[in-house]
There are 2 protein chains.
Amino acid sequence: MTAIFLHPDYTPTETSAKLTFGGNRLNRQSEERADDCVDVALANPSTRLMGFARGRVLVALGAERASGLHSLESLSAFAPKIDRAVLLGFDGDAARLAVPLGINPDEEGFSLPEPFKAIDYRSLARQQLLDAEELGIVAQGGAVLAWHANARFSGRSGQETVMVGGGVKRRCEADGRDEFPRTDPVVIMLITHGDRCLLGRSHHFPAGMYSALAGFVEPGESIEMAVRRETHEESGLFVGDVRYHASQPWPFPHSLMIGCYGEALTDIISRDESELDDCRWFDRETIRTLLQQNDSGGPHEDGALFLPPRLAIANRLVLDWAGLG
Amino acid sequence: MTAIFLHPDYTPTETSAKLTFGGNRLNRQSEERADDCVDVALANPSTRLMGFARGRVLVALGAERASGLHSLESLSAFAPKIDRAVLLGFDGDAARLAVPLGINPDEEGFSLPEPFKAIDYRSLARQQLLDAEELGIVAQGGAVLAWHANARFSGRSGQETVMVGGGVKRRCEADGRDEFPRTDPVVIMLITHGDRCLLGRSHHFPAGMYSALAGFVEPGESIEMAVRRETHEESGLFVGDVRYHASQPWPFPHSLMIGCYGEALTDIISRDESELDDCRWFDRETIRTLLQQNDSGGPHEDGALFLPPRLAIANRLVLDWAGLG
């Protein structure tokens, strides 16, 4: 599929275009939607829906690759909440919708009939079960449905809101005010000092995993200042020059990861113990070794250090710094 | 003032650091706040507050420069809503708060006693009435208070929320869920084609003003893809390579402007008439002339074209492209 907004002879070459979840090519038509656009789409046999339940996507496993796009009919066994279906956009003439499912994969003994599985977004990406375009639909659909679930009421009036334009916005029934999907900008930065880079681990990381530091952009700051503030808060380091590298949509639940490099002006780490379990410098050779081990797959030995998987922008920041991109 | 997260011997040199509203240097201490931090700050005579009312800031005009930071006592005549005061951070040991005022500058016949004025954010910046650091506090305070006003109720439960940690977040009283300030990432792009750049005007712009195209980053897209999609939607042009240039906090009400350059692959414009009043190519010499006229100030002649003021990142994008930065 070629997006309607991409020139047919042009393939994006920036780093962002290589990242997981960044492959969405739908024609969103966000500005020109009729109020009945979801109903019209549902009546069209070419329409395909992606079903979401508790951070998982319903996929049909195939011989080679799975698919997360289903006809309305084939979704009927999974309790689709049609009144909450959202129009994501179009692939050619065919509509793509996201719909919450009334199934609970967290329930004990939960199972689905062959060939269906409900698989979390990270596993779908890590195991390359879906192609780049469907992972792009996961990113959009997961983010939009998460926002709708958290925007059922107006934060200003406390009154109920209703979906407008097939889900591109919600309207407060009391005062007519429109609300738009929320996207949270997050800075994620590989801080370097000569031939070393800084990696840390949050308390909630899997044992052994180290990654680039990250944090939400706060009100009233630029991307570069957010990198400096967040790095200093977490590690005590001072950061000088900052350079943007790439960005990635990240549906956990609806972030925009903004990947940067930052040059440390100091190298003595004073870790924020409430935020980080550990934080240290790694030399380039160690990083290259870790990156090579990382792709060999399989479970990590107890206590062994490892880096985030390829689906994460942190991996790309490290990979490009190590010259292995 | 040097921010606690900036190395004392380092001055940021990136383009973002030159932009209006990007001068906030407060130590936010967002992670370590006691629940009574606002009360403690209000009891401290070194605390200063910035008062906000309907997109305006209360300033005391001085002989040289105005100030937007006031003692609690000097604010008392302006109906400060102390229960909605937010702790922004610290300048050294001195706390800085933002507080909504119960005054209505939009009311007919409204006036304030000398030397006070209530001035909108843009005018404060354009007339350089406040210094860069106070404009940075305007950016943070304006964004945070706007978010609080729109987050009084939980979007998920419809129940009331309460401020936590002096305003770094709000908590739903019904389910204990925390909500954090919202920052909306917006791409703003100067599209170029050889020696020309693309500028357009929205229907709501002042007559004669042309600026860079812009739009919200949507769920599931990278910065670069947002630039391509938005440009194509508004102008019909296809964009190839995209390059990040700078970012700017923009308190209208709480955006992060992400400024980029994009190279057009085509040059025939097909404007979205519902979005844009006009959209056209400008050669570099014309832009240089317009930039020089722009800084001469004063009201613009009827029908004369002009560019956004220096306070806008669009001006910086054009300025740097024209080689006049």
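Preceding block: the structure.
None of the values given here were measured: they were computed from a predicted structure.

Rules used in this analysis
- Residues numbered from 1 in each chain as written.
- Chains lettered and ligands numbered in written order.
- Predicted model: local features only at pLDDT ≥ 70, side-chain atom pairs only at ≥ 80, totals over all residues.
- Heavy atoms only, no water.
- Pairing = 2+ DSSP bridges.
- Helix = DSSP H or I, 4+ residues; strand = E, 2+ residues; numbered from the N terminus.
- Axes fitted to C-alpha atoms, helices over the stretch in contact; angles between N-to-C directions.
- Contact = heavy atoms within 4.5 Å.
- Buried < 20%, exposed > 50% of the residue type's maximum accessible area, 1.4 Å probe, protein only.
- Least-squares fit on C-alpha atoms with pLDDT ≥ 70 in both.
- Buried area = accessible area lost by both parts, 1.4 Å probe.
- Polar contact = N/O pair within 3.5 Å; in protein donor to acceptor, adjacent residues only side chain to side chain.
- Nonpolar A, V, L, I, M, F, W, Y, C, P; charged D, E, K, R; others polar.

S.K.: Can you walk me through the sheet that holds strand β3 (residues 86–91) of chain A in this structure?
M.R.: Whether parallel or antiparallel, the strands of a sheet pair through hydrogen bonds between backbone atoms. Residue and element names in this part refer to chain A. With mixed pairing, the 5 strands of this open sheet are ordered in space as β3-β4-β1-β2-β5. In this open sheet, the two edge strands, each paired with only one partner strand, are β3 and β5 (116–120). Across this sheet, the average inter-strand angle for adjacent strands is 30 degrees, counted without regard to direction. When strand β1 (residues 48–53) meets strand β4 (residues 94–100), the two strands line up parallel, connected through 5 bridges. Looking across to β4, one finds that Gly51 is bridged to Val99. Docked against the sheet, helix α4 (residues 132–149) engages β1, β2 (56–60), β3 and β4, running at close to 55 degrees with respect to β1.

S.K.: Got a minute to help me understand the environment of Ile268 of chain B in this structure?
M.R.: Residues and elements named next belong to chain B. Relative to the helices and strands, Ile268 is located in the loop between β13 (255–264) and β14 (276–283). The exposure class assigned to Ile268 is exposed, which follows from its relative accessible area of 68%. The spatial distance from the C-alpha of Ile268 to the C-alpha of Ser235 is 8.7 Å, given a sequence separation of 33 residues. The residues contacting Ile268, other than those within four sequence positions of it, are Ser235 and Leu237.

S.K.: Can you walk me through the relation of the copies chain A and chain B in this structure?
M.R.: Mapping between the two chain copies consists of a rotation about an axis together with a translation along that axis. You can overlay chain A on chain B at an RMSD of 0.0 Å; the transform is a turn of 180 degrees with a shift of 0.0 Å along its axis. Within this description, the copies of the chain are treated as partners about a two-fold rotation axis. Same-surface contact between copies: 100% of interface residues of chain A are shared with the interface of chain B.

S.K.: Looking at this model, I keep getting lost on the interface of chain A and chain B. Mind explaining?
M.R.: A common way to state how big an interface is: give the accessible area lost once the parts meet. Each partner contributes residues to the interface: chain A has 61 residues there, and chain B has 61 residues. Per-residue buried area on chain A facing chain B is highest for Phe5, Pro219 and Met225 of chain A; these three make up 12% of the total on that side. For the pair chain A and chain B, the number of links is 34 residue pairs in polar contact (both at pLDDT 80 or more). Taken together, the elements giving at least two residues each to the side of chain A that touches chain B come down to α4, α5 (223–235), β12 (239–250) and β13 (255–264) of chain A. Take the side of chain A that touches chain B: its biggest share by element is 7 residues, from α5 of chain A. Its residues assigned to classes, the side of chain A that touches chain B shows 27 nonpolar, 18 polar and 16 charged.

S.K.: Is there a simple way to think about the sheet that holds strand β7 (residues 169–172) of chain A in this case?
M.R.: Residues and elements named next belong to chain A. With respect to topology, 3 strands assemble into an open sheet ordered β6-β7-β8, the strand pairing being antiparallel. Every interior strand has two partners, whereas the edge strands, β6 (161–164) and β8 (178–179), have only one. Across 2 bridges, the pairing between β7 and β8 is antiparallel. Its bridge partner being in β8, Arg170 is matched across the sheet by Glu179. Contacting β6, β7 and β8, α4 runs over the sheet at an angle of about 10 degrees to β7.

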